[in-house]
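# Structural overview
Below, each chain spelled out in residue letters.
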Amino acid sequence: GSVLSGSASETKGLFTPKFEDYQKVYNEIAERLEEKDDYDDGSYGPVLVRLAWHASGTYDKETGTGGSNGATMRFSPEGDHGANAGLQAARDFMEPIKQKFPWITYSDLWILGGVAAIQEMQGPAIPYRPGRQDKDMAACTPDGRLPDATKNQSHLRDIFYRMGFNDQEIVALSGAHALGRCHTDRSGFSGPWTFSPTVVTNEYYKLLLNEKWNWKKWNGPKQLEDKTTKTLMMLPTDMALIQDKAFKQWVDKYAKDESLFFKDFSNVIVKLFELGVPFEETTQQAPMVFKTTA
Ligand code: ZEM
């Protein structure tokens, strides 16, 4: 039977959510993004993007395992993987929304959270397709599938080629580091990449190219700080994008042209969010583009 009663979309006891139902979930996420103004830079947007990325970025194209279809980060061991430290904050944010809209799977909800966060933080439209099914803990992915920030370009290629991405796509995805910050009690690293960590921009690429980056002198893991203000950071893997020629040509392009970045970022995020999701072509609606609340 139906999990919802009294919905306009309910027909013959079988609830088939429509665009407007997903838009309601989107709106609920959007309204709550800034509800706790003492959280980080005033928005849950960045950590929701990180949750959607870590749910998706476990995908292995050879075995078809991992990816956003399953939301296996709900369980130990995956939720306790070092790479996922701090994402409890994002999963907790999502829980009351799941309770309010119990018909949506966690795996569709977490990806919708990433979509809503990007759009509400003034990013490009991210077309969305539902259809993910939650899996049980047996589907948890092994540790080590997500990138390690202390490593170099060959590690980035190992990790992202395994998901099926190319060099241009690796650089476009990395522009997400315009958003949010590192936390010493999560990854061990510290600080934001840009001066506007709750707005999607191409500032990450501009700063990579235009600032002088020095090793930060501290007891924490090796990271870089900008020479001018010493308030911004780059990870070793961020610097790899300008040390490697094939990567750097894309950093140059995205630093010069924010609309090119927005177009490529939208395309590559859709690809990331749909890795390993078995959409049924016959029953699948066209991708949904949600209205922003701003
Ligand atoms: Zn991140 N990321 N990431 N990333 N990331 C952090 C934070 C955020 C790497 C990484 O090690 C880290 C992508 C790619 C890569 C976001 C989105 C995306 C942090 C800090 C680290 C250490 C975590 C903390 O301490 O809270 C590495 C090595 C990557 C390889 C290229 C991709 C791709 C992303 C999305 C498309 C976001 C939004 C954050 C900020 C989270 C927050 O809470 O503010």
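Structural notes, computed from the coordinates. Every chain begins its residue count from 1, and numbering advances along the sequence as written. Since the coordinates come from a predicted model, pLDDT governs what is reported: local features require at least 70, and pairs of side-chain atoms require 80 or more to be given and counted, while whole-chain, interface and lining totals use all residues. In computing side-chain properties, one takes all heavy atoms of the structure into account and sets aside hydrogens as well as water.

This part is about the overall build of the protein. By definition, any uninterrupted DSSP run of H or I lasting at least four residues is a helix, any uninterrupted run of E lasting at least two residues is a strand, and each is numbered from the N terminus. When helices and strands are tallied, the protein shows 10 helices and 7 strands. Atoms counted for the radius of gyration: C-alpha only. Globule rule: 2.2 Å times residue count to the power 0.38. For 294 residues, the compact-globule estimate of 2.2 N^0.38 gives 19 Å, and the C-alpha radius of gyration of the protein, at 19 Å, lies within 12% of that figure. When its C-alpha atoms are laid out on the principal axes, the protein stretches across 65 × 40 × 35 Å. Note on exposure labels: buried denotes an accessible area under 20% of the residue type's maximum, exposed denotes more than 50%, and partly exposed covers the range between, all computed with a 1.4 Å probe on protein chains only. The burial tally for the protein puts 54% of its 294 residues in the buried class.

Near the ligand, the surroundings consist of 25 residues, among which His-177, Gly-180, Arg-181, His-183 and Ser-187 are the closest. Whenever two N or O atoms come within 3.5 Å, that pair is a polar contact, provided that in protein one can donate a hydrogen and the other can accept it, and provided that, for residues adjacent in sequence, both atoms are side-chain atoms. A distance of 2.9 Å is found between an oxygen atom of the ligand and a backbone nitrogen or oxygen belonging to Arg-181. Between Ser-187 and the ligand, the recorded distance is 2.6 Å, taken from a side-chain N or O atom to an oxygen atom. Broken down by element, the residue count for the shell around the ligand peaks at 5 residues, all from helix α2 (residues 45-56). Each residue is assigned to one of three groups, with Ala, Val, Leu, Ile, Met, Phe, Trp, Tyr, Cys and Pro labelled nonpolar, Asp, Glu, Lys and Arg labelled charged, and all others, Gly among them, labelled polar. Each residue belonging to the shell around the ligand can be placed in one class, and the counts come to 16 nonpolar, 6 polar and 3 charged. The rule for a residue being near a molecule or strand is that one of its heavy atoms must lie within 4 Å of it.

This part covers unusual backbone geometry. That bond from Ser-76 to Pro-77 is cis: its omega, 10 degrees, falls within 30 degrees of zero. If you trace the backbone, Pro-77 turns up in the loop between α2 and α3 (88-100). Phi is positive for Ala-71, which is not a glycine, with a value near 50 degrees. Looking at where Ala-71 falls in the secondary structure, it is placed in the loop between α2 and α3. The phi dihedral of Gln-122 falls on the positive side, at around 70 degrees, and the residue is not glycine.

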